[in-house]
Amino acid sequence: MLIHTDLQEMQNTSLRLQNWIRQETFSPQDEKTLRRLSSWEVSELILNMKPGTFRSRLAADPALPTGKVEPDGRQRWFTLAEVNTLRRKLRTRGGSLMPPRPTGRAFRTAIANFKGGAGKSTLALHFAHAAALDGYRVLCIDFDPQATLSHAMGLTDVGEEGTVWGIMLRDLVQETEALNSGPSGAESGTALPRRSLPRSITDVGAQDMRPGDFIQATNWPTIDIIPSCANAAFVEFVSAQYRHLNPEWSFFAAVDRYLGHLPDEQWDLIIFDCPPAIGYQSMNAVFAADMLYIPSGPGYWEYDSTTSFVGQLAEALHDMAAGAAGFVSSDPLPLPKAFHDVRFVLTRYEPSNRLHIAMFDAFRKVFGDRMAEHPVEMTRAVEQSGRFLNSVYEMDYREMTRETWLRARHSFDKAYEEFKATLLPHWQGMSSGTLPVGKVLDEGAAA
């Protein structure tokens, strides 16, 4: 028979081997680093420029970064920071090489499905890396206590107070203080009872943390992350206690309020990696998101699970809107929740598999133009990248045939370009004030 002490010993054994695992999967320095990018990658795959034109532009301007020539060849290799300098300084007939960036705050996308193994973390990781190579500044928020995205970004030593749990705890204290200092209730005009929080909450000190204290840098210079860790799993248990301490606390808006205090221009895209469940953390992600991206594998049971997810999420959002009168907040709550877009994307797709082809057609018949046209293919390179917690963009194509690597990269490139084309009109509308009408995900939408 096994009890909790046996589980604790299993964790202790794993913790003792963590350093070895990091060396095997990250780098000999026990720290994940970003490789340099070849002049071929920079010219053809990133800046969309012919290699000969790229070389001549470098030769014509000595002020441009020239990269580093490795001992085993003549090709130059550039850091991502050097690539971004080239992007800012070089111009083509089409104008600037900088990506379109509407004014205002960053655009937020939640990648969610309560089916485990649907590809949420894989999609979040690759979209973040593709966007960074595209010239965007990205903030990732890992809502999943499994912390796969955090580990893939090179973060393994994370305290729970620096996760979404800390953000929610900070919000609980601040909102409770705001309610206690308020003159009256929202509707009745009578004074609200003073809510007191136990020292076990206030002594954590989350209310004194600045917004930037939750954000950590990654090995990609233009990607930051609010990480997660296994200990953050208990947020689903304690959040119920927090709501009992202050029933007026609009818990689902904690992350949205937090993001509202970040500088608008610091990041361009914010990507949420959600846990495989509908709970306190995932509802925070959904409420803060401008767009919902729902990945699914190509099997029938995964389709069935995705359908259930949409229905249960619709019910949760419906209940949240129906119960809005019970919440009092320092900020007005935009309810019912409306998304600028909701998209479905197929992952682990094999184009030669007849079942996968049939399921792709079924998804398109059910979800119509909300189904992404470019599924993410399962290739040997994708499988290998997942094994070592890397994205395809991080892998060195010299470790395999270039064709194998390119096939995997092109699959994610097309998925990212479709993702970008979907969000840009909505992002532009947010900037100009001419917002497209968001579709409310409710019971009717799920039917």
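Residues numbered from 1 in each chain as written. Predicted model: local features only at pLDDT ≥ 70, side-chain atom pairs only at ≥ 80, totals over all residues. Heavy atoms only, no water.

Undergrad: Any chance you could explain the sheet that holds strand β7 (residues 138-142) here in plain terms?
TA: By way of backbone hydrogen bonds, the strands of a sheet pair with one another, either parallel or antiparallel. As summarised here, the arrangement of the seven strands in space is β8-β9-β7-β10-β6-β11-β13, forming an open sheet in which the pairing is mixed. Looking at which strands have only one partner, the edges of the open sheet turn out to be β8 (216-217) and β13 (341-346). Examined bridge by bridge, strand β6 (residues 107-111) and strand β11 (residues 291-296) share three bridges and lie parallel to one another. Its bridge partner lying in β11, Ala110 is registered against Leu292. Strands in contact with helix α13 (residues 300-322) are β11 and β13; relative to β11, the strand with the most contacts, it is inclined by about 155 degrees. (Pairing = 2+ DSSP bridges. Helix = DSSP H or I, 4+ residues; strand = E, 2+ residues; numbered from the N terminus. Contact = heavy atoms within 4.5 Å. Axes fitted to C-alpha atoms, helices over the stretch in contact; angles between N-to-C directions.)

Undergrad: Looking at this structure, I do not really get the packing of helix α3 (residues 39-46) against helix α16 (residues 402-432). What am I missing?
TA: Describing two packed helices takes the angle between their axes plus the distance from one axis to the other. Two elements in contact, α3 and α16, have axes whose closest approach is 14 Å; the angle formed by their N-to-C orientations is 35 degrees. Both α3 and α16 take part in a crossing whose hand is right-handed. Side by side, α3 and α16 meet where Trp40, Glu41, Leu45 and Ile46 of the first sit next to Arg402, Trp405, Leu406, Arg409 and His410 of the second. Its residues placed into classes, the contact of α3 with α16 shows five nonpolar, one polar and three charged. (Left-handed = near helix turned anticlockwise from the far one by under 90°. Nonpolar A, V, L, I, M, F, W, Y, C, P; charged D, E, K, R; others polar.)

Undergrad: I keep staring at the nonpolar core and nothing clicks. Help me out?
TA: If you look at soluble globular proteins, the nonpolar side chains tend to sit buried side by side. Ranked by internal contacts, the top residues of the largest apolar core, which has 64 residues, are Leu47, Phe54, Leu86, Phe127, Met153 and Trp405. Those residues in contact with Leu86 that lie beyond four places of it in its chain are Val42, Leu47, Phe54, Leu58, Leu64, Pro65, Phe78 and Leu97. By size, the runner-up hydrophobic cluster in this structure holds 62 residues, among which are Ala112, Phe114, Tyr280 and Met371. (Core = buried A, V, L, I, M, F, W, Y, C linked by side-chain atoms within 4.5 Å. Buried < 20%, exposed > 50% of the residue type's maximum accessible area, 1.4 Å probe, protein only.)

Undergrad: When you look at the packing of aromatic side chains in this model, what are you seeing that I'm missing?
TA: Each aromatic ring pair is summarised here by two numbers: the centre-to-centre distance and the angle between the ring planes. This structure, assessed with the given rule, holds 25 aromatic pairs. Measuring from centroid to centroid gives 5.3 Å for Phe143 and Phe272, while their planes differ by 75 degrees, and the two rings are edge-to-face. Taken together, the residues Phe143 in the loop between β7 and α7 (148-152) and Phe272 in strand β10 (residues 269-273) connect sequence positions 129 residues apart. Of the two residues, Phe143 and Phe272, neither departs from the other in class, the shared state being buried. Three or more aromatic residues joined by ring pairs make a cluster, and in this case those are Tyr242, Trp249, Phe251, Phe252, Tyr280 and Phe287. Between Lys337 and the ring centre of Phe287, over which it is positioned, the NZ or CZ distance is 5.8 Å. Positioned above the aromatic ring of Trp40, the side-chain terminus of Arg402 is 4.0 Å from the ring centre. (Phe/Tyr/Trp six-rings, centres within 6.5 Å; stacked < 30°, edge-to-face > 60°. Lys NZ or Arg CZ within 6 Å of the ring centre and 35° of its normal.)

Undergrad: Please explain the sheet that holds strand β1 (residues 37-38) as it appears in this structure.
TA: One open sheet accounts for three strands, arranged β1-β3-β2; its pairing is antiparallel. Every other strand in the sheet has two partners, leaving β1 and β2 (68-69) as the edge strands with one partner each. In terms of strand pairing, β1 meets strand β3 (residues 76-78) through two bridges, oriented antiparallel. Paired with Leu37 across the bridge in β3 is Phe78.

Undergrad: I keep staring at the pattern of salt bridges and nothing clicks. Help me out?
TA: Pairing is possible between side chains of opposite charge, provided their charged atoms come close. The full count for this structure, using the stated rule, is 20 salt bridges. In this structure, Arg343 engages Asp341 in a salt bridge whose closest nitrogen and oxygen atoms are separated by 3.2 Å. Residue classification places Arg343 among the buried positions, given a relative accessible area of 17%. Asp396 is the salt-bridge partner of Arg398, the closest N and O atoms lying 2.6 Å from each other. (Salt bridge = Lys/Arg side-chain N within 4 Å of Asp/Glu carboxyl O.)

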